[in-house]
Amino acid sequence: TPLPESEDLSEAEPLRAEAALASGAVPAPPQPSHLSGKTPHLTSTLRHLGVALQAGAELEETLQAVCDLAAQIMDASSAIIRLVDPQHRLVARAVTGDATVQALRSLTFALDDSPLSAVLQTRKALTVPAFNPEDSAFPDELRAVGIRNFLSVPILSSNEDHVLGTLTVHNKRNGPHFDREDEAVLSAFAAHASVAVEKAVLREEQRLVEEEVRILHDVTSAMTSLHLSVVLQLTIEHVKRLVDVQRCGIFLYNPARGTLTASEACGSDTWRGIDFIGKRIALPRADPLYNRLSDGVPVDLPDFNIPSPAQDALLSALSGDFHVAIPMLNQQHLVGIIALTPQADAAALGERECRILASIGRQIAPVVENARLYEEAERRVMELSALQRISQVLAASVETREMLDTVLTEVVTLMNADCGSIMLYHPDKGTLKVEAAYGLPSKAFRREVPLGAGVAGWVALRREPLHMSNVNGDSRFTQLLPRPEIRSAIVAPLLSKRQLLGVLSISHNHPDWAYTNRDLSLIRTMAASIAVAIENARHYDSEREIAQIARVALLPSISPSIPGVEIGQKHMPALEVGGDYYTVFELEPGKIGILVSDVSGRSVYAAMHAAVGKHFIRALSHRSHDPAEVLRHANTLIYQETPEEIFISAFYGILDIPTGRLSYANAGHVSPFLLRAEGVMEELPPTGMLLGLWDTMNYENSVTILGRNETLFCYTDGVTEAKRERDRELFGEERLKAILNRQWGKSAQGIVDAVFRRTLAFCGRRNDDDLALLAIRRTYP
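What comes next is a walk through the structure. Note that the structure is predicted; figures quoted are calculated from it, not measured.

1. Notes on the overall build of the protein
At step 1: Broken down by element type, the protein carries 19 helices and 28 strands.
At step 2: Roughly 36300 Å² of accessible area belongs to the protein as shown, and the carbon and sulfur atoms make up 51% of that amount.

As structure tokens, then:
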């Protein structure tokens, strides 16, 4: 710390100073022969300097102490220490003197163009006894603070291989100017003080390196999120902690398009509105700015050495006079830039800040790329999931209004829209009418729009989609329904083979983003699916008539009363009609046929082929009482009379009621179960392949005995393949067996009802496949 001028330096703490010199912690000063009477005073002062500085003071404290002692030794009015910074400039770091002289802190010299260049080059003292008013080498700032003359000496490193800086004193109090003896004294003092200065500089550099490592570690630790918006926000927060900025924004680079897109910002409102976020700036690889950014160092904008169209566009988007662009590089390719505007009164970014910001840019780049990939994958999964849900709705729904309402809700949710509508075209009137709406007033349903009127009529007339990133001022939009709050919209025609069916439209009110061309592509995909669904729904009425006919043809036909057996049954198609079928019929007195079958597919198509298979087997069963032979002939007929994609599984058995003899053949059907009276459960496995796969197929008969009060339980795979809604887990055969194991002694219908209730409870009463259950309990005699 500086000592007061009144203190006797030769008497202050002599023991500590001598101990410091004796210990070697502070080297003894050189003793030129011409120091005359100043030597004792200098020696005592250096002792105090050693005591003051050997404790490891911070750099600023060390420099200020040296500066204060130099002024005292030289009886100078002021003193200043300048150090060489990484940008090769002499920067004032400590000043001793009144408030006027403190203004010299802001005066910075280039190494090769300053009044002190001779000190740096010769590494010797420089005395300027008086300023030459005409010498332009001396800045006006020196005269402005009252400096008439000065003496400056170099501060060298311990091995004297480079210059750390300069120590300069101004205006002797008791003499006209500094002389040669003053040069020797100040040089000796500087040589001694340089040890402490160098140590303090090294400690400062180590502290800064540790701080940089900590900052970069904090950045790395914080970047654990895979969400792009979170990563960009955290990046801006860390930049603001390091640099005092007015505004900070992040532009992401698209190498395929050669564009920068504004993606995140903080600060001025103009950097957060829709006019900034989403703004695109062309940055081709041939642009000089791209080459500068690819070097990986921050770029001051504007850089007048690089005439660049991209730089001009970027400055226009940033709306300011001075900015810094920090590149984000990953493996030498540009990921984006961090653009910041320092505070108006802040100094230019130093070398340290630029170095740390460049490191942050390099560390953030791979994190941003991973987040972009994750966001892309997440968005794709979300889109595919939504498209799957929409497809399920389109496949399952047959009533037009219900289908349109459900699909529109899914579309609005997927696209983050505030409102949407589906309008259907009525060719007899030549108008569009709203059939489904989301977020629109009820009066929208009363509107009928002629072709060409409003945005919907414009799209319908031209049969092409319309993407409006900003609808304000678009007369086509306001003609349909005035909605000034809407900012962005997409409208697409619903076409089937170029025939107009209607129009799908969505819009949102958010001021900070707009729909993209990718969103437009997604809407076009969904519009094509909706158009197909509308076409299917329009054929629904005719299909319902066919379905009614098929239902009558496929209703299980079981004799109301068959002596010696008890029958339980349950049939539930997934849609109006299905391909699962069963029947029990008399072949002759005391002998019955049992048929359970399942056709690939669902709805009317499967039902019609199920009816074909049913009648083939029924007809053949009266020609032969051999189950295997019946299935063999049925297989040939089904192969010849049905399309290639149709195949049927079937269990056909013949039960002789008086004897209990059950002969059967199983064509790839799920295995029925025998519930024995003694509590044993047996499976009846398949004895051949599915019907309809090949034109010739042999099947084998199996024979078992169904005892009194024993039950044959048959079912279709809609039971075991029923899915639970929350996790899509299958009901499975093991659950079925567990239920059947608890049904001993129950009636045939009681067994069927128990299995049916548990299956529906498991799948949430939404069966994706047809269900058919049949139980035959022999009660004879």
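Don't stop here, the text continues.
2. Observations regarding unusual backbone geometry
At step 1: For the bond from L301 to P302, the omega torsion is 0 degrees, close enough to zero to count as cis.
At step 2: Here P302 is to be found in the loop between strand 10 (299-301) and helix 9 (309-318).
At step 3: In this structure, the amide linkage connecting Y780 to the following residue, P781, adopts the cis form with an omega of -5 degrees.
At step 4: For P781, the position within the fold is in the segment after strand 28 (771-778).

3. Digging into the pattern of salt bridges
At step 1: All chains considered together, the criterion is met by 14 salt bridges.
At step 2: For E566, the salt bridge is made with R777, and the minimal N-O distance between the two is 4.0 Å. Of this pair, E566 sits in strand 19 (residues 565-572) while R777 sits in strand 28, and the two are 211 residues apart along the sequence.
At step 3: Judged by its relative accessible area of 13%, R777 falls in the buried class.
At step 4: Ionic contacts of the salt-bridge type, sharing partners, join the residues R724, D727, E729 and R735 into one network.

4. Regarding the side chain of R724
At step 1: Position of R724 among the secondary structure elements: in the loop between strand 27 (711-715) and helix 18 (732-740).
At step 2: With residues up to four places along the chain from it excluded, the contact list for R724 reads E729, R735, F762 and C763.

5. What about the sheet that holds strand 22 (residues 648-656)?
At step 1: A sheet is described by the order of its strands in space; here 5 strands give the open sequence 20-21-22-23-26, paired in antiparallel fashion. The open sheet terminates on both sides in strands that have one partner only, identified here as strand 20 (580-588) and strand 26 (702-705). In this sheet, adjacent strand axes meet at a mean angle of 20 degrees when their direction is disregarded.
At step 2: Sheet analysis places strand 23 (residues 661-667) next to strand 26, joined by 4 bridges and oriented antiparallel. Counted as the bridge partner of L662 is T704 from strand 26.
At step 3: Across the sheet, helix 17 (residues 627-641) is in contact with strand 22 and strand 23; its angle to strand 23 comes to roughly 25 degrees.

6. Re the environment of A537
At step 1: Mapped onto the elements of the fold, A537 is located in helix 14 (residues 517-538).
At step 2: Considering only alpha carbons, one finds A537 and M403, 134 residues apart in sequence, at a separation of 8.7 Å.

7. Regarding empty space enclosed by the protein
At step 1: Taken as a whole and assessed by the stated rule, the structure comprises 3 cavities of 30 Å³ or more.
At step 2: The volume enclosed by the second largest cavity comes to roughly 70 Å³.
At step 3: If you trace the second largest cavity, you find it lined by R82, F109, P115, L116, L142, F150, T168 and H170.
At step 4: Looking at the lining of the second largest cavity residue by residue, the classes come out as 5 nonpolar, 2 polar and 1 charged.

8. Some details on a nonpolar patch on the surface
At step 1: A cluster of nonpolar residues, F647, M689, L693 and W694, forms a patch on the protein surface that exposes about 370 Å² of accessible area.
At step 2: The residue W694 is located in the loop between strand 25 (681-683) and strand 26 in this model.
At step 3: The exposure class assigned to W694 is partly exposed, which follows from its relative accessible area of 47%.

9. Here we look at the pairing of strand 13 (residues 419-426)
At step 1: Burial analysis of strand 13 places 7 of its 8 residues in the buried class, the great majority of the element.
At step 2: Across 7 bridges, the pairing between strand 13 and strand 14 (residues 431-438) is antiparallel. Of the residues in strand 14, the one forming a bridge with I422 is A436.
At step 3: Once strand 13 ends, the chain turns through 4 residues before running back antiparallel as strand 14, passing G430 with a positive phi of about 70 degrees.

10. Quick look at the sheet that holds strand 9 (residues 280-282)
At step 1: Strand order in this open sheet of 6 strands is 9-8-7-12-11-10, and the pairing throughout is antiparallel. Each edge of the open sheet carries a strand with a single partner, namely strand 9 and strand 10. Neighbour-to-neighbour, the strand axes of this sheet turn through a mean angle of 30 degrees, independent of strand direction.
At step 2: Where helix 7 (residues 228-242) meets the sheet, it contacts strand 7 (245-254), strand 8 (259-266) and strand 12 (333-342), and its direction lies at approximately 140 degrees from that of strand 7.
At step 3: Contacting strand 7, strand 9, strand 10, strand 11 (323-330) and strand 12, helix 9 crosses the sheet at an angle of about 160 degrees to strand 9.

11. What to know about helix 9
At step 1: Here helix 9 has its buried residues at A310, Q311, L314, L315, A317 and L318. All buried residues of helix 9 lie within an arc of 160 degrees about the axis, which places them on one face of the element. Opposite its buried face, helix 9 presents the exposed residues P309, D312 and S316, each directed more than 90 degrees away.
At step 2: Packed against the buried residues of helix 9 are strand 7, strand 9, helix 8 (288-294), strand 10, strand 11 and strand 12.
At step 3: The opening residue of helix 9, the one whose side-chain oxygen lies 3.2 Å from the backbone nitrogen of A310, is S308.
At step 4: In the segment just after helix 9, S319 is the residue with positive phi, at about 55 degrees.

So, how was this worked out
- Residues numbered from 1 in each chain as written.
- Predicted model: local features only at pLDDT ≥ 70, side-chain atom pairs only at ≥ 80, totals over all residues.
- Heavy atoms only, no water.
- Helix = DSSP H or I, 4+ residues; strand = E, 2+ residues; numbered from the N terminus.
- Areas by Shrake-Rupley, 256 points an atom, 1.4 Å probe, with all protein chains shown as cover.
- Salt bridge = Lys/Arg side-chain N within 4 Å of Asp/Glu carboxyl O.
- Buried < 20%, exposed > 50% of the residue type's maximum accessible area, 1.4 Å probe, protein only.
- Contact = heavy atoms within 4.5 Å.
- Pairing = 2+ DSSP bridges.
- Axes fitted to C-alpha atoms, helices over the stretch in contact; angles between N-to-C directions.
- 1 Å grid on protein atoms, 1.4 Å probe; cavity = no way out; pocket = protein on both sides within 12 Å on 5 of 7 lines; lining within 4 Å.
- Points joined across faces, edges and corners; volume = space filled by probe spheres on them.
- Nonpolar A, V, L, I, M, F, W, Y, C, P; charged D, E, K, R; others polar.
- Patch = residues over 30% accessible without salt bridge, like charges linked within 9 Å, V, L, I, M, F, W, Y side chains within 5 Å.
- Arc of directions from axis to C-beta.
- Polar contact = N/O pair within 3.5 Å; in protein donor to acceptor, adjacent residues only side chain to side chain.

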